[in-house]
Structure formats: C-alpha cells, structure tokens
Amino acid sequence: ITYLTPSYLTVFNILLLLSIIATALTLYQKKIRISHLLMIGGGAFLLTKGLRFINEYVLLALPVLKSNLLVYHYRGQRISKPLYLFIVVIMIIMPIVYMRTTFYTDLKYPVSQKNLPSGNVAFLNYIDKGGTVLNFPNKGGYLLWKLYPKYKIFMDMEVPFLFTDEDFFIVDNAFNDAAVLDKVIAKYNPSFIMVPLNYPTFKRLIKSHSEYVVVFFDDEEVLYVNKTVYPDIAEKFALKKIDPFTLIGKNIALLNEKESEAFMSELFRINKIYPDNGLINQTIAMFLNKKGQYEQAIPYAETIIKNFPELPKGYRLKGDSLLGLKQYEQAVSYYELALKHSDTEAKKSLYKKLWFCFSRLEQYNKAYKALKKAVDIYSPTTPFTDFYNLGLAALQNGKITEALTLFRFAYIKTPSDDVEWKKKIEKQLSNFIITDEKLKNTPLLE
C-alpha cells in the first residue's frame, strides 16, 4: 500500500482539478455562492505566487468541493459486498498511509534547527550589540523572528510582497558578484554579513573589504562582523585558525601540535556559546577519537544525535568511540542506526566497521555478510586488502572455493614490491596446496 500511496503533488493536482470542475459546474448551473467564489478566487491568486501556497489553496477550495460533491448516484445498481468492503478499507487506509509518509519525520522533536542559522543567531543575541545584518533572504523569516528589534535584516523571503524583484536581485548578486557587493556595502555599511556555507567563493569577494572578519559560524551560515563598527567583537571573537568554508573534510591530523591546539581552542570557544552546533561537535568528536580520548568524545557525539537524529554522523561517531573502548556490541548498535540514515556510498565503510566488530565478537557469519556488502569485487578501485579480508571471512564460514578465489584476486592486485603482503597472501594460498609457481602460470597473471 505504501508504494501505491500517491505523492503530495499528485493529491494536490487531483484536488485542483476537482475544484476547477466543481467551480465550473456551479457557475454553469448558476448555483455558486459569492463567498465560495471569493474564497477559491483568493486561493487561485495565492497559488500564482508560488507552490508554498498549496495548502492555503486547498483550504480555501474546500467549501466549493463540499457543496458540490462530484458523485453520481445510480439507482437499481448494487455493488457486491466484497468489493464494497475492499473499497471502504482502501479509502480508510490510504489517507492514513498518505499522512504518515508525507508528514513522517525523524527530526528533533518538537523543534529542529536543521537548515536554520541558529548558531549565528545565538551568537548575535549573546553579544547583544544590535545593528544591521546583510542576510541571504531564504532565512530572513527566522532571523526576523529571533533578532528583531535589536537587529535589522536586509530581506525576508517569507513575505515577498514587501520587497521588489530588484531587492531580491541585489541581495542575491551581493553574495556572488563583487561589483554588487561593493555597492551594497558602500550604501548600507552593514554591521554583520551572514553568508551560506555553500558559498565558498564569497571569501574571494570579501577580500577587498578587510574590515569584515569571520567571528562565528554554524551548520548553515558564516557570520562576518564589521570591525570598524564593532572593533571589540572582532578583536575578541575573530577566527584566525578556522576556515568554516573548508572545515568539512579537513584532516586535523595534518596539523602540528601547536596548530591543532589553537584550532581546537577556537572550536571549543564556539561550542561554549552555542553547544548544539552539529559541525563543531562533529569536528571535536573526530579529533578526540583520533587522539584516543574516546570517553571524552562520546558527549559530543550524543549532542549530534540529540539535535540531528536524522543524520548518520552522530551514531557513527559514537560507534567509533565505543569501538575504541572495545565495547563492540554497543558499537554495533550505533553503526546499525547510522546505516538507517546513510546513503549507499557511506554504508560501505559502515559495513567494514561492523565486520570488524562482529569479528572481535567471534560472530563470523555476521562478519562475513557485513564485509561482503562493503566490498565490490568487480570494482577496479577495490584494494587488495579488501579481497584478503573478505577471503578470511569466507574461510571462517567454510566457503572454501570463494575464499580461494578472493585470495587469488588479492594476490593478483598486490604490488610486486610489497613483499610482506605478498608472503601473507601466499601463506593463505599454501593451505590450498597452490604454489607461487602455479600462480604465475595462471591465465589471470599472464
């Protein structure tokens, strides 16, 4: 039934068509009420302003639909009871399933800060200075709600009627075009600029305005302060070691001890002001796990789980901490939770971690199944070590022929100068009474 459940837009299109037919029929029959006509007319006007007004249209169209049900009644014709019951059951179940699939969410309850610059808002309220904020309009409604009247924003996309197309054109291009940004800054001299994290080119645009420095960031946006307006804020909170735009994917292990200390100091400072920052907690947890401080990393992973239960990273990081503590059973439970929220590519590394945990728990059948899902034996990028490990897992499960094939694949892919691994694989192959000379003569090695 779930697969047969119509999509949100399909249901709307059906209601839209029915409302148009109902309106047309009542107009033709001259039976329409003025109030109903005004309501559906208002809904149609809102619909021209964007798909965000779908729900409003449906609500305003309900009176027309209710008073003009498009149902035909046939006299003298009876429907069989089984078919009647089937239709009734489907009509009862379908709305329930539709509502569940449409509105189901595993976001934080009751309120999630996903896709909101909540960290930057927390910082602005923390410093409590006031001023003007050049903002990206999509998040304007949230900023207005949380910052007004202390701070004034440039534009709120949630109320487009108050702004012209030129306003949107200006603010949109200010984050992408140096000439427009120069003019906006010259005219308004904003105290703060809040730019989305997925606009890394903004760093190049803002270089010509050295008065703006990065002081904070969250999971969505980066916050600049005008140091000519608030020199004390710039002096106290300027980020000198962290580049928020490149933080994702940064290898902290490449930093020396002094650099990592300064780097982490800024992270902890941000975390103290806004402890629910997912990106910050992720970076701190990863850093502590790499240093072997697994118990200290767990609270940061748990914070991610609490605030972003729909994302895999919190479960994965806690699983890594538990793995480091050799609490394999608990680690498995968190890796399995991470699997439920991961895409296909991310699942591969999680299956490898599960293989490792199951192997330590001596649950070899589960270990083999997990690793088999992680290793693509037909991919040219699969390393020889994966073939070797999968061969061992197959061997532990009595899959002799498969193990032999995997060890041979591993031998073929092993670099000639890697003597240690070559001997390791040859040792396994010797159990099958296959000599190195025979291997060299196989068609696969010619």
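Read on for a plain summary of the structure. Here the structure is a predicted model, which means the values were calculated and not measured.

1. So, the overall build of the protein chain
Secondary structure summary: the protein chain contains 21 helices and 5 strands in total. Taking 2.2 N^0.38 as the reference for a compact globule, 446 residues should give roughly 22 Å; the C-alpha atoms of the protein chain span a radius of gyration of 31 Å, well beyond that estimate. C-alpha atoms of the protein chain, sized along the principal axes, occupy 95 × 80 × 40 Å. Sorting the 446 residues of the protein chain into buried and exposed places 39% on the buried side. Taking contacts inside the protein chain between residues at least 6 apart in sequence as the whole, the part at least 24 apart equals 56%. With an accessible surface of roughly 26600 Å², the protein chain has 58% of that area assigned to carbon and sulfur atoms. Charge centroids of the protein chain, computed over 56 positive and 43 negative side chains, lie 7 Å from each other.

2. Here's the deal with the pairing of strand β1 (residues 131-135)
Bridge count between β1 and strand β2 (residues 151-153): 3 bridges; the pairing is parallel. Bridging across to β2, T132 finds its partner in K152. One crossover worth recording links β1 to the parallel β2 by way of helix α6 (residues 140-147), and it is right-handed. Pairing analysis gives 3 bridges linking β1 to strand β3 (residues 192-196), with the strands arranged parallel. Bridge pairing links N135 to M194 in β3.

3. Digging into the side chain of S118
Mapping S118 onto the fold places it in helix α5 (residues 118-127). The buried category is assigned to S118, whose relative accessible area is 10%. There is a polar contact of 2.7 Å between the side chain of S118 and the side chain of Y274. Those residues in contact with S118 that sit more than four places away from it in its chain are Q113, Y142, D218 and Y274.

4. Some remarks on the sheet that holds strand β4 (residues 212-217)
In space, the 5 strands of this open sheet follow the order β2-β1-β3-β5-β4, with mixed pairing throughout. Of all the strands in the sheet, just β2 and β4 have a single pairing partner and so form its edges. This sheet shows a mean twist of 30° between the axes of neighbouring strands, independent of strand direction.

5. Re a positive patch on the surface
A cluster of basic side chains, namely K366, K369, K373 and K399, defines a positive patch on the protein surface. Topologically, K373 is positioned in helix α17 (residues 364-374).

6. Details of the pattern of salt bridges
Opposite charge on two side chains makes pairing possible when the charged atoms of those side chains draw close. By the definition in use, this model includes 11 salt bridges. D128 serves as the salt-bridge partner of K150, at 3.5 Å between the closest nitrogen and oxygen. Pair noted here: K150 is in the loop between α6 and β2 and D128 is in the loop between α5 and β1, with a separation of 22 residues, a long-range link. Overall, the relative accessible area of 43% leaves K150 in the partly exposed class. Using a relative accessible area of 46% as the deciding quantity, one classes D128 as partly exposed. Notably, a salt bridge pairs E402 with K372, separated by 3.7 Å at the nearest N-O pair. Taken as a pair, E402 in helix α19 (residues 400-413) and K372 in helix α17 lie far apart in primary sequence, 30 residues in all.

7. Quick look at unusual backbone geometry
The omega angle of the peptide bond from Y109 to P110 is 5°, so this bond is cis rather than trans. Here the residue pair Y148 and P149 is connected by a cis peptide bond, since its omega of 5° sits within 30 degrees of zero. Within the secondary structure, P149 is located in the loop between α6 and β2. In this structure, K326 takes a positive phi of about 65° despite not being glycine. Mapped onto the elements of the fold, K326 is located in the loop between α14 (313-324) and α15 (328-340). Unlike most non-glycine residues, E362 shows phi in positive territory, near 60°.

8. A few points about the packing of aromatic side chains
Taken as a whole, this structure holds 21 aromatic pairs when the rule is applied. Ring geometry for F387 against F409: centres 5.9 Å apart, planes inclined by 85°, an arrangement best described as edge-to-face. Separated by 22 residues along the polypeptide, F387 in helix α18 (residues 384-396) and F409 in helix α19 bring together distant segments of the chain. Pairwise contacts between aromatic rings join F136, F175, Y199, F202 and Y224 into one cluster. Directly above the aromatic system of W145 lies the positively charged group of K146, at a separation of 4.9 Å from the ring centroid.

9. Focus: the environment of D320
Positionally, D320 belongs in helix α14. Judged by its relative accessible area of 18%, D320 is buried. In the structure, D320 is positioned 11 residues away from A331 in sequence and 7.0 Å away in space, judged by C-alpha atoms. Among all residues touching D320, those that are not within four sequence positions of it are N289, Y294, Y335 and K353.

The rules behind each value
Residues numbered from 1 in each chain as written. Predicted model: local features only at pLDDT ≥ 70, side-chain atom pairs only at ≥ 80, totals over all residues. Heavy atoms only, no water. Helix = DSSP H or I, 4+ residues; strand = E, 2+ residues; numbered from the N terminus. Rg over C-alpha atoms; globule rule 2.2 N^0.38 Å. Buried < 20%, exposed > 50% of the residue type's maximum accessible area, 1.4 Å probe, protein only. Contact = heavy atoms within 4.5 Å. Areas by Shrake-Rupley, 256 points an atom, 1.4 Å probe, with all protein chains shown as cover. Lys, Arg positive; Asp, Glu negative; His and termini not counted. Charge placed at Lys NZ, Arg CZ, Asp CG, Glu CD. Pairing = 2+ DSSP bridges. Right-handed = clockwise from strand over helix to strand, strands pointing away. Polar contact = N/O pair within 3.5 Å; in protein donor to acceptor, adjacent residues only side chain to side chain. Axes fitted to C-alpha atoms, helices over the stretch in contact; angles between N-to-C directions. Patch = residues over 30% accessible without salt bridge, like charges linked within 9 Å, V, L, I, M, F, W, Y side chains within 5 Å. Salt bridge = Lys/Arg side-chain N within 4 Å of Asp/Glu carboxyl O. Phe/Tyr/Trp six-rings, centres within 6.5 Å; stacked < 30°, edge-to-face > 60°. Lys NZ or Arg CZ within 6 Å of the ring centre and 35° of its normal.

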